[in-house]
Amino acid sequence: MGACFGSCRSRNQPPYRNSRYPAIGKNQPLKREYPKWKSDVPLTEGQLRSKRDEFWDTAPAFDGRKEIWDALKAAVTAMENSDCAMAQAIVDGASISLPHGTLMDCYDELGNHYQLPVYCLSRPINLVKELKKLSTEAVKNISEINEEDPLHRVLKVRLTSESEVKLSVLTTDSVGVAKQRLELQEGISTCSQRWYFSGKLLLDRMKIEQCKLKKGYVIQCISQQPWNQQQTTEEDDVTNDKKETTNEQENSNSS
């Protein structure tokens, strides 16, 4: 007797059985497209990054192989950088099959099924872009800390610049609030901060008292520019390069 394999698909999954998505079983090349979607609650860039970090931090704990999850994450990163060729090479190198040509639904060579949420693959069409304004307003609402407060605690935070700073927080603060305190103190945008302790990502919703931070230990804060600022910087670099090229051509013609 033959055996057949099936997988449960939630009702929220997109209908693939149409002319755009071939029948399951055929490996398709990765499509150069990004799914469009709208978040039920408008997200900022920082909130979207937190959702993604939380998924990638917990995904290997579910079914499947860790090396495949790592390959999928690398492929997603390549797609974010508009390098579809690299993403395809990563997928091929890990022997990942794409029945529909999308990373939302794929299989490894052992038949394990992997599904990536849409928020890991693209940004919502209603992404809140006024990041600095929202961040500044949020920081203004942070209450001051009395050093004699029994809930007061000083954290050691190592920044991307390798410098260490001391940060006053309350044990009842969430990690998200503590990030806002760091922005107020050091000027590092809240949405660009990623906090790690003992190799684990500290999620924004976690309370400081729940993080089991040992006295004297250091929290690693990795910061990077928000996506829209990175894009602006890259566009400025391209514009400057064009200007330099034009000036060189003018100088060459004049000589």
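Residues numbered from 1 in each chain as written. Predicted model: local features only at pLDDT ≥ 70, side-chain atom pairs only at ≥ 80, totals over all residues. Heavy atoms only, no water.

## Observations regarding the overall build of the protein chain
Selection rule: Helix and strand labels come from DSSP, where a helix needs a run of H or I of at least four residues and a strand needs a run of E of at least two; each type is numbered from the N terminus. Note on contacts: a residue pair is in contact if any heavy atoms of the two residues lie within 4.5 Å. Using the Shrake-Rupley algorithm and a 1.4 Å probe, accessible areas are obtained, with residue cover drawn only from the displayed protein chains.
The secondary structure content of the protein chain amounts to six helices and seven strands. Order of helices (α) and strands (β) in the protein chain, N terminus to C terminus: α-α-α-β-β-α-β-β-α-β-β-β-α. Look at the contacts in the protein chain between residues 6 or more apart in sequence, and 63% of them connect residues 24 or more apart. A total accessible area of about 16300 Å² is found for the protein chain, and carbon and sulfur atoms account for 49% of it.

## Concerning the packing of helix α1 (residues 45-58) against helix α2 (residues 66-80)
For any two helices packed against each other, the geometry is given by the interaxial angle and the distance between the axes. For the record, the criterion: The convention used is that axes are lines fitted to C-alpha atoms, helices contributing only their stretch in contact, and that angles between N-to-C directions extend from 0 to 180 degrees. Working rule for angles: under 35 degrees goes down as roughly parallel, over 145 as roughly antiparallel, 65 to 115 as roughly perpendicular, anything else as oblique. Each residue gets one label: Ala, Val, Leu, Ile, Met, Phe, Trp, Tyr, Cys and Pro are nonpolar, Asp, Glu, Lys and Arg are charged, and the others, such as Gly, are polar.
Where α1 contacts α2, the two axes come as close as 10 Å, and the packing angle between them is 155 degrees. The pairing of α1 with α2 is recorded here as roughly antiparallel in orientation. When α1 is examined against α2, the residues R52, F55 and W56 are found in contact with a partner set consisting of W69, L72, K73, V76 and E80. Residues that form the contact of α1 with α2 fall into these classes: five nonpolar, no polar and three charged.

## Examining the environment of L30
For L30, the position within the fold is in the segment before α1. In this structure the C-alpha to C-alpha distance between L30 and T102, which are 72 residues apart in sequence, comes to 5.8 Å. If we ignore the near neighbours within four places in the chain, the residues touching L30 are M79, C84, A87, Q88, L98, G101, T102 and L103.

## Regarding the environment of L202
As for its placement among the helices and strands, L202 is situated in the loop between β6 (200-201) and β7 (218-223). Here the alpha-carbon distance between L202 and G176, two residues 26 residues apart in the chain, equals 9.3 Å.

## Quick look at the pairing of β7
Strand residues, when the strand is regular, have side chains that alternate between the two faces of the sheet. Where we set the bar: Pairing between strands requires that DSSP locate at least two bridges from one strand to the other.
Relative to β7, strand β3 (residues 152-158) runs parallel, the two being bridged by three bridges. Each bridged residue has a counterpart across the sheet, and for V157 the counterpart in β7 is I219. Where strand β5 (residues 193-197) meets β7, four bridges bridge the pair, whose relative direction is antiparallel. Each bridged residue has a counterpart across the sheet, and for W195 the counterpart in β7 is C221.

## A look at the sheet that holds β7
Judged by pairing direction, the sheet is mixed, and its five strands sit side by side in the order β4-β3-β7-β5-β6 without closing on themselves. The outermost strands of the open sheet, each flanked by one partner alone, are β4 (164-170) and β6. Sheet strands touched by α1: β5 and β6. Its angle to β5, the strand with the most contacts, is close to 30 degrees.

## Quick look at the pattern of salt bridges
Defined as follows: The rule for a salt bridge is simple: a side-chain nitrogen of Lys or Arg has to be within 4 Å of a carboxyl oxygen of Asp or Glu.
Across all of its chains, the model carries nine salt bridges by this definition. For R65, the salt bridge is made with E67, and the minimal N-O distance between the two is 3.1 Å. One connected set of salt bridges, linked through shared partners, spans R65, E67 and D108.

## Quick notes on the pairing of β3
Pairing analysis gives seven bridges linking β3 to β4, with the strands arranged antiparallel. Among the inter-strand pairings, R158 is bridged to a residue of β4, identified as E164. The turn joining β3 and β4, which pair antiparallel and follow one another in sequence, is formed by five residues; a positive phi near 75 degrees is taken by E162.

## A look at the packing of α2 against helix α3 (residues 84-93)
Axis separation between α2 and α3 bottoms out at 7 Å; the angle between their running directions is 170 degrees. With respect to α3, the axis of α2 lies roughly antiparallel. From α2, A71, A74, A75, A78 and M79 reach across to α3, where they touch C84, M86, A87, I90 and V91. Taken together, the residues that form the contact of α2 with α3 break down as 10 nonpolar, no polar and no charged.

## Digging into the packing of aromatic side chains
Rules: Geometry of aromatic contacts follows a simple scheme: Phe, Tyr and Trp rings, the Trp one being its six-membered ring, pair when their centres are within 6.5 Å, and the pair is stacked under 30 degrees between planes, edge-to-face over 60, tilted otherwise. Only protein chains enter the accessibility calculation, which uses a 1.4 Å probe; a residue whose area is less than 20% of its type maximum is buried, one above 50% is exposed, and one in between is partly exposed.
Following the criterion strictly, the structure yields four aromatic pairs and no others. Residues F55 and W56 carry aromatic rings whose centres are separated by 5.2 Å and whose planes lie at 75 degrees to one another, so their mutual orientation is edge-to-face. On the basis of relative accessibility, which here comes to 12%, the residue W56 falls in the buried class. When the ring of F55 is compared with that of W69, the centres are 5.9 Å apart and the planes differ by 80 degrees; the resulting orientation is edge-to-face. Highlighted residues: F55 in helix α1 and W69 in helix α2, separated in sequence by 14 residues.

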